[in-house]
Amino acid sequence: MKLFGLNALITGGSQGLGRAIAEAFVREGASVMLCARDANLLDGTRAELAALAAPGQKVLARACDVSCEQQVNALAAAALAELGAVNVLVANAGVYGPLGPTESVPLDEWKRALEINLYGVLLPCRALIPHFKAAGRGKIIIISGGGATNPLPNISSYAASKAAVVRLMETLSEELKPHRIDVNAVAPGALKTRMMQEVLDAGPEKVGAEFFAKNL
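None of the values given here were measured: they were computed from a predicted structure.

Rules of the game
- Residues numbered from 1 in each chain as written.
- Predicted model: local features only at pLDDT ≥ 70, side-chain atom pairs only at ≥ 80, totals over all residues.
- Heavy atoms only, no water.
- Helix = DSSP H or I, 4+ residues; strand = E, 2+ residues; numbered from the N terminus.
- Expected span 1.5 Å × (residues − 1).
- Buried < 20%, exposed > 50% of the residue type's maximum accessible area, 1.4 Å probe, protein only.
- Arc of directions from axis to C-beta.
- Contact = heavy atoms within 4.5 Å.
- Phe/Tyr/Trp six-rings, centres within 6.5 Å; stacked < 30°, edge-to-face > 60°.
- Axes fitted to C-alpha atoms, helices over the stretch in contact; angles between N-to-C directions.
- Parallel < 35°, antiparallel > 145°, perpendicular 65-115°, else oblique.
- Left-handed = near helix turned anticlockwise from the far one by under 90°.
- Nonpolar A, V, L, I, M, F, W, Y, C, P; charged D, E, K, R; others polar.
- Pairing = 2+ DSSP bridges.
- Core = buried A, V, L, I, M, F, W, Y, C linked by side-chain atoms within 4.5 Å.
- Right-handed = clockwise from strand over helix to strand, strands pointing away.

Visitor: Lay out helix H3 (residues 69-83) in plain terms, naming residues and giving numbers.
Guide: Taking 1.5 Å of rise per residue, the 15 residues of H3 would be expected to cover 21 Å, and the 21 Å separating its terminal C-alpha atoms lies within 8% of that figure. Three or more residues of H3 are buried, namely Val72, Leu75, Ala76, Ala78, Ala79 and Leu83. One side of H3 carries all its buried residues, which in axial view fall inside an arc of 160°. In H3, those exposed residues whose orientation departs by more than 90 degrees from the buried face are Gln70 and Ala81. Buried residues along H3 sit against strand S1 (7-11), strand S2 (31-36), strand S3 (59-63) and helix H4 (107-135). Count one or two residues on from H3 and you reach Gly84, which has phi positive near 90°.

Visitor: An account of the packing of aromatic side chains is requested, with residue identities and associated values reported.
Guide: Enumeration according to the criterion identifies 1 aromatic pair in this entry. Here Tyr96 and Tyr158 contribute two aromatic rings whose centre-to-centre distance is 4.6 Å and whose plane-to-plane angle is 65°, an arrangement assigned as edge-to-face. Of this pair, Tyr96 sits in the loop between strand S4 (88-91) and H4 while Tyr158 sits in helix H5 (residues 156-176); the two residues are 62 residues apart in sequence, bridging distant segments of the chain. Exposure class is identical for Tyr96 and Tyr158. Each is buried.

Visitor: So what's going on with the packing of H4 against H5? Residues and values would help.
Guide: As a packed pair, H4 and H5 sit with axes 8 Å apart at the nearest point and diverge in direction by 15°. By the criterion of interaxial angle, the relationship of H4 to H5 is roughly parallel. Here the hand of the crossing between H4 and H5 comes out right-handed. Only Ser156, Ser157, Tyr158, Ala160, Ser161, Lys162, Ala164, Val165, Leu168, Leu172 and Leu176 of H5 make contact with H4, whose side of the interface consists of Trp110, Ala113, Leu114, Asn117, Leu118, Val121, Leu122, Cys125, Ile129 and Lys133. Per-class residue counts for the contact of H4 with H5 are 15 nonpolar, 4 polar and 2 charged.

Visitor: How would you summarise the sheet that holds S1 if you had to cite specific residues and measurements?
Guide: The strand order across the open sheet built from 6 strands is S3-S2-S1-S4-S5-S6, with neighbouring strands paired in parallel fashion. One side of each edge strand has no neighbouring strand; the edge strands of this open sheet are S3 and strand S6 (181-186). Geometrically, the sheet is characterised by an average inter-axis angle of 15° between neighbouring strands, direction not taken into account. Two strands pair when backbone bridges link them, and S4 and strand S5 (residues 138-143) are joined in this way by 4 bridges, in the parallel orientation.

Visitor: A description of the nonpolar core should follow, citing residues and the corresponding values.
Guide: Among the nonpolar cores identified, the biggest contains 34 residues, and Leu9, Met33, Ile140, Ile142 and Val183 are the most heavily contacted of them. Of all the secondary structure elements, the ones that give two or more residues to this core are S2, H3, S4, H4, S5, H5 and S6. Counting residues per element, this core draws most heavily on H4, which supplies 8 residues. The residues touching Ile142, leaving out its near neighbours within four places in the chain, are Ala91, Val121, Val165, Met169, Val183, Asn184, Ala185 and Val186.

Visitor: So what's going on with the pairing of S2? Which residues, and what values?
Guide: With 6 of 6 residues buried, S2 lies mostly within the body of the structure. Taking every second residue as pointing to the same face, both faces of S2 are buried, with Ser31, Met33 and Cys35 on one and Val32, Leu34 and Ala36 on the other. Here S1 runs beside S2; their pairing, made up of 5 bridges, is parallel. Opposite Ile10, over in S2, you have Leu34 as the bridge partner. Read as a crossover between parallel neighbours, the route from S1 over helix H1 (residues 16-27) to S2 is right-handed.

Visitor: Could you give me a rundown of the environment of Ala160, with the residues and numbers involved?
Guide: On the secondary structure map, Ala160 appears in helix H5. What makes Ala160 partly exposed here is its relative accessible area of 34%. Linking Ala160 and Leu118, residues 42 residues apart in sequence, is a C-alpha distance of 9.4 Å.

Visitor: Quick rundown of the side chain of Asn92? Include the residues and the values.
Guide: The topology assignment puts Asn92 in the loop between S4 and H4. Residues in contact with Asn92, not counting those within four places in the same chain, are Thr11, Gly12, Leu17, Gly18, Ile21 and Ile143.

Visitor: Requested: an account of the side chain of Thr11, with residues and values cited.
Guide: Within the element layout of this structure, Thr11 appears in strand S1. Residue classification places Thr11 among the buried residues on the basis of a relative accessible area of 0%. With residues near it in sequence (within four places) discarded, Thr11 still touches Cys35, Val66, Leu89, Val90, Ala91, Asn92, Ala93 and Pro124.

Okay, here's the thing in structure tokens:
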């Protein structure tokens with residue numbers, strides 16, 4: 001039980017990679033607060049993970065749009081109140097956004113992906129950094145992605161937002177180093193999740209033959 005006694009807040013924790021991360025934390029002894037936008041799906045995941053928890057472990061969940069400052073601040077406050085402390089933030093929530101040529105995809109959808117992918121990392125960090133500083137330590141793990149390392153034609157909002165996330169991570173890492181707060185990004189590669197299915201459903205005409213083939 002490598003994480004026994006630790007508490008984690010995990011965004012985008014209701015399905016896919018976020019759920020897998022949450023399950024790994026629970027199996028290793030941590031208490032967790034999960035968030036996602038779909039309250040029904042989130043409640044189901046919380047119940048499944050709670051069944052794996054040992055006595056004394058807490059598995060909590062709260063619906064939250066990570067691009068909304070008010071909701072994120074309320075989430076962080078609830079996690080601190082119910083868990084007593086938060087030692088780890090896993091900023092996992094993310095979307096691909098609109099798929100297709102940059103000049104023709106809906107601008108509102110392009111902006112929305114940026115809000116979720118970038119602000120959805122920034123806001124939870126801002127909400128918990130004061131707590132980590134007061135505690136004298138903390139861990140922030142950010143899930144980046146292929147958009148941070150390679151051009152992604154026809155998936156420009158995802159690519160731009162993930163590149164921004166990595167630079168934000170690098171900047172926060174330097175800012176927070178004196179406070180013993182570690183900040184890292186992890187790019188897990190292609191995973192069989194809802195987001196991969198979005199690419200397959202869109203087809204090579206929208207996302208490009210090369211990127212489509214990588215997700216087969």
